[in-house]
Amino acid sequence: MPVSQQEIVALYKRFCQLDRNANGFISADEFLSIPEFSLNPLSQRLQRMLDGLNFKDFVAFLSSFSQKASPQQKIELIFKVYDVDSKGRVNFKDLLEVLRDLTGSFMSEEQREQVLNHMLEEAGYTRDASLVLDDFVKVPSLLSSTTIAKYNT
């Protein structure tokens, strides 16, 4: 995604504000100083992705959140959130952990498993599937609040 010179200047200023020790990298702790980030239920997962970002990586990461970002860029970011071990695969356990982070005490473990089994089955997968990005793309349309709410009653 192309970024304008004005956007790069603004991002660089923000990067320098976050880089408190001025070493050219932003640590996960420095990212936690952003209230929107620290309050995100997935902040623990995001921290692993963000620790040690240089300016170029910072711009690439934030561009995924831009209105200009392609759906593919956004899906790739979501996939990385689920792919904790960075092996390029997401399994039932990974999906369950993210759903647990998102729902907290609002859903039981049994409800979470029901939701995920249903979502995977609708996409043609079982809970034993190990999804690569191309497979994962078929599931996000099922990861809606409507589907989760249906099982959270």
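Just so you know, these numbers come straight off a predicted model, no measurement behind them. (Residues numbered from 1 in each chain as written. Predicted model: local features only at pLDDT ≥ 70, side-chain atom pairs only at ≥ 80, totals over all residues. Heavy atoms only, no water.)

### Let's talk about the overall build of the protein
Check the secondary structure of the protein and you find 10 helices and zero strands. Each helix (α) and strand (β) of the protein, taken in turn from the N terminus, gives the series α-α-α-α-α-α-α-α-α-α. Counting contacts in the protein only where the partners sit at least 6 residues apart, residues at least 24 apart contribute 54% of the total. (Helix = DSSP H or I, 4+ residues; strand = E, 2+ residues; numbered from the N terminus. Contact = heavy atoms within 4.5 Å.)

### Side note on the UniProt feature "domain: EF-hand" (unreviewed entry) in the protein
Here, UniProt's "domain: EF-hand" (unreviewed entry) annotation points to residues 6-41 and 70-105. Annotated as 58% helix and 0% strand, the span residues 6-41 places its first and last C-alpha atoms 31 Å apart. (UniProt positions renumbered as here; feature names shortened; annotations may be inferred.)

### Quick word on the packing of helix α4 (residues 43-50) against helix α6 (residues 71-82)
Remark: α4 packs on α6, axes separated minimally by 9 Å, with the N-to-C direction vectors making an angle of 105°. Classified by the angle their axes make, α4 and α6 are roughly perpendicular. The segment α4 lies against α6, with Arg45, Leu46 and Met49 engaging Leu77, Lys80, Val81 and Tyr82. Grouping the amino acids of the contact of α4 with α6 by side-chain chemistry returns five nonpolar, no polar and two charged. (Axes fitted to C-alpha atoms, helices over the stretch in contact; angles between N-to-C directions. Parallel < 35°, antiparallel > 145°, perpendicular 65-115°, else oblique. Nonpolar A, V, L, I, M, F, W, Y, C, P; charged D, E, K, R; others polar.)

### Looking at the pattern of salt bridges
Considering all chains together, one arrives at five salt bridges under this definition. A salt bridge links Glu7 to Lys68, with the nearest nitrogen and oxygen atoms 3.3 Å apart. A residue pair is termed long-range when its members are at least 10 positions apart, and Glu7 in helix α1 (residues 5-18) and Lys68 in the loop between α5 (55-63) and α6 qualify at 61 residues. Each member of the salt-bridge network shares a partner with another, and the members are Arg100, Glu109 and Arg112. (Salt bridge = Lys/Arg side-chain N within 4 Å of Asp/Glu carboxyl O.)

### What to know about the nonpolar core
Burial of nonpolar side chains together is a common tendency in soluble globular proteins. Core analysis: the biggest nonpolar cluster contains 36 residues, and Phe31, Leu50, Phe58, Leu95, Leu116, Leu120 and Tyr125 have the highest contact counts within it. Among the secondary structure elements, those contributing two or more residues to this core are α1, α4, α5, α6, α7 (92-103) and α8 (109-122). (Core = buried A, V, L, I, M, F, W, Y, C linked by side-chain atoms within 4.5 Å. Buried < 20%, exposed > 50% of the residue type's maximum accessible area, 1.4 Å probe, protein only.)

### Examining the packing of aromatic side chains
All told, the structure shown has nine aromatic pairs when counted by the stated rule. When the ring of Phe31 is compared with that of Phe58, the centres are 6.0 Å apart and the planes differ by 45°; the resulting orientation is tilted. One end of the pair, Phe31, is in helix α2 (residues 28-31); the other, Phe58, is in helix α5, with 27 residues separating them in the sequence. Take Phe31: its relative accessible area is 3%, and that puts it in the buried class. Overall, the relative accessible area of 1% leaves Phe58 in the buried class. Three or more aromatic residues link up through ring pairs in this structure, and these residues are Tyr12, Phe15, Phe31, Phe55, Phe58, Phe61 and Phe65. Positioned over the ring face of Phe92 is Arg127, at 4.0 Å from the centre of the ring. (Phe/Tyr/Trp six-rings, centres within 6.5 Å; stacked < 30°, edge-to-face > 60°. Lys NZ or Arg CZ within 6 Å of the ring centre and 35° of its normal.)

### Topic: the side chain of Glu30
Tracing the sequence through the fold places Glu30 in helix α2. Summary of buried charges: Glu30 has no salt-bridge partner, and the nearest side chain of opposite charge, Arg20, is 4.5 Å away. (Lys, Arg positive; Asp, Glu negative; His and termini not counted.)

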